[in-house]
Amino acid sequence: MLRSSSFTPGRLLTAALIVGLCALVLVRSPGVLAAMPPPVYHALMGGLWAAAATAVGTLPVLLSQSFSARTYDAALGLGGGIMLAATSFSLVLPAIAASKGAGSTPMAASLMVGGGILIGMLIVMLLERLVRSDNVLDNTKSDNANTLVRAWLFVGAVAIHNIPEGMAIGVGYAGVDLSKANALTTGIAIQDIPEGMVVAMALRVAGYGRLFSAALGTLSGVVEPIGAVIGALLIEASAALLPWGLAGAAGAMLYVICHDVVPEAQRRGNYGTASFSLVIGFIIMMVLDTAMG
């Protein structure tokens, strides 16, 4: 069981400072970026784009503004649909093609990708057990101590859920063409906007200030560029990992969509809005992905 002391403000602020210093060093050292292989560089930039989207989601809390529940659910549904289409066309199909290109028969390629999807899902389920996120934002009438615990658990849960998203970005840039990887990153980034808002809102409800809540909401997305670089480096190290990496990223994304994005979008009862937005998001990304492919 995760203890509330695991995510103290001091530790997370220290982490934010370290991340900020690393980013500053990176920006001030163009030679470091130039030395990166192109897929790793693109993965880093894609991960930073997704992290920036998480930061954008915290702005309503920082500015003491809020969206309606219907708007929030529509954004989540749209992001979920875009992620679902990107998973299908930018991860699963390229994984099958990569496996066939390596000499596998159509049946062997399909079975391998199915196994990779299952492995990716199981990895995320294992990570999720590290931080229990179920009903974190429910029961808001409980005492303040429990509210604080739930808020910090939620920050940790979102950070963990962002790991497979970041790795999916990295694997995408290392394994498929740039336009498809950009489409995948766009879908993840759109979904990250309401996610950042939820994290900041959870901390605000727990009694933290606007600036601190927004800062921690932003920090929850920092793991995405880290995961993106790791994913790209793994594929760069061995091309044989490409089909498994794409399939594993697809499984992780499918689990996040089914277990987190869709239920959260429908939790407030806006089922029609969320479902309609999901289908629209899927259609938009399907058209963009296949048109660019």
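Residues numbered from 1 in each chain as written. Predicted model: local features only at pLDDT ≥ 70, side-chain atom pairs only at ≥ 80, totals over all residues. Heavy atoms only, no water.

Enquirer: Looking at this structure, how should I read the overall build of the protein chain?
Expert: When you go through the protein chain residue by residue, the secondary structure sums to 12 helices and zero strands. For the protein chain, the succession of helices and strands along the chain, N to C, is α-α-α-α-α-α-α-α-α-α-α-α. Sorting the 293 residues of the protein chain into buried and exposed places 46% on the buried side. Contacts in the protein chain between residues at least 24 apart in sequence constitute 83% of all its contacts with a sequence separation of at least 6. Accessible surface, the protein chain as shown: approximately 13,700 Å² in total, 71% of it carbon and sulfur. (Helix = DSSP H or I, 4+ residues; strand = E, 2+ residues; numbered from the N terminus. Buried < 20%, exposed > 50% of the residue type's maximum accessible area, 1.4 Å probe, protein only. Contact = heavy atoms within 4.5 Å. Areas by Shrake-Rupley, 256 points an atom, 1.4 Å probe, with all protein chains shown as cover.)

Enquirer: Looking at this structure, how should I read the packing of helix H6 (residues 106-128) against helix H11 (residues 242-266)?
Expert: Working note: a packed helix pair is described by the angle between its axes plus the distance between those axes. As a packed pair, H6 and H11 sit with axes 6 Å apart at the nearest point and diverge in direction by 50 degrees. In this view, H6 runs oblique relative to H11, as classed from their interaxial angle. The chirality of how H6 crosses H11 is right-handed. On H11, the residues that touch Met112, Val113, Gly115, Gly116, Ile117, Ile119, Gly120, Met121, Val124, Met125 and Glu128 of H6 are Pro243, Trp244, Ala247, Gly248, Ala250, Gly251, Ala252, Leu254, Tyr255, Val256, His259 and Asp260. (Axes fitted to C-alpha atoms, helices over the stretch in contact; angles between N-to-C directions. Parallel < 35°, antiparallel > 145°, perpendicular 65-115°, else oblique. Left-handed = near helix turned anticlockwise from the far one by under 90°.)

Enquirer: Sorry if this is basic, but what is going on with helix H5 (residues 69-101) here?
Expert: An α-helix turns once per 3.6 residues; consequently, residues spaced three or four apart project the same way. A rise of 1.5 Å per residue sets the reference length of H5, with its 33 residues, at 48 Å; its end C-alpha atoms lie 46 Å apart and thus fit the reference within 8%. Along H5, the sharpest kink reaches roughly 30 degrees, centred on Thr87. Count one or two residues on from H5 and you reach Gly103, which has phi positive near 110 degrees. (Expected span 1.5 Å × (residues − 1). Bend = angle between axes of the 7 residues up to and from the residue.)

Enquirer: I would appreciate a short explanation of the packing of H5 against H6 in the present structure.
Expert: Taken N-terminus to C-terminus, the directions of H5 and H6 make an angle of 130 degrees; their axes are 9 Å apart at the nearest point. The angle between H5 and H6 falls in the class oblique. Judged by the twist between their axes, the crossing of H5 over H6 is right-handed. Across the interface between the two elements, Val92, Ala95, Ile96, Ser99 and Lys100 of H5 pack against Pro106, Ala109, Met112, Val113 and Ile117 of H6.

Enquirer: How do you make sense of the side chain of Thr87 when you look at a structure like this?
Expert: Considering the arrangement of structural elements, one finds Thr87 in helix H5. Assessed through its relative accessible area of 1%, Thr87 is described here as buried. The contact partners of Thr87, leaving out residues within four places of it in the chain, are Val92, Ala250, Met253, Leu254 and Ile257.

Enquirer: Would you mind showing me how to read the confidence of the model for the protein chain here?
Expert: Note: predicted coordinates in regions of low pLDDT should not be interpreted at a detailed level. A residue-level look at the protein chain finds 74% of positions with pLDDT of 70 or above and a mean pLDDT of 76. Predicted confidence is poor over residues 1-14, with pLDDT under 50, and the contacts of this stretch with residues over four places away or in other chains come to 19 contacts. Confidence drops under pLDDT 50 across residues 133-142; counting only partners more than four residues distant or on other chains, this segment forms 18 contacts. (pLDDT = per-residue confidence, 0-100.)

Enquirer: Just to check I follow, could you spell out the nonpolar core for this structure?
Expert: Note that soluble globular proteins tend to have their nonpolar side chains buried in a common cluster. Grouped together as the largest cluster of nonpolar side chains are 37 residues, with contacts concentrated most on Leu91, Val113, Ile169, Ile188, Leu246, Met253 and Met285. Elements that contribute at least two residues to this core include exactly helix H3 (38-57), H5, H6, helix H7 (144-175), helix H8 (178-205), helix H10 (223-237) and H11. Tallying contributions element by element places H5 first for this core, with eight residues. If we ignore the near neighbours within four places in the chain, the residues touching Val113 are Val92, Ala95, Ile96 and Ala247. In terms of nonpolar packing, the next biggest core, distinct from the first, is built from 11 residues, Val124, Met197, Val256 and Ala274 among them. (Core = buried A, V, L, I, M, F, W, Y, C linked by side-chain atoms within 4.5 Å.)

Enquirer: What am I meant to see in H3 here?
Expert: With 20 residues, H3 should reach 28 Å at 1.5 Å per residue; the first-to-last C-alpha distance of 29 Å fits that figure. Looking at H3, one finds that the buried residues are Pro39, Val40, Ala43, Leu44, Gly46, Gly47, Ala50, Ala51, Ala53, Thr54 and Gly57.

Enquirer: What exactly am I supposed to notice about the packing of aromatic side chains here?
Expert: In this description, an aromatic ring pair is defined by two values, namely the gap between the centres and the angle between the planes. Scanning the entire structure with this criterion turns up one aromatic pair. Ring geometry for Phe89 against Phe282: centres 6.3 Å apart, planes inclined by 55 degrees, an arrangement best described as tilted. Of the two residues, Phe89 is situated in helix H5 and Phe282 in helix H12 (residues 271-292); the sequence distance between them amounts to 193 residues. Look at Phe282 and you get partly exposed, because its relative accessible area is 25%. (Phe/Tyr/Trp six-rings, centres within 6.5 Å; stacked < 30°, edge-to-face > 60°.)

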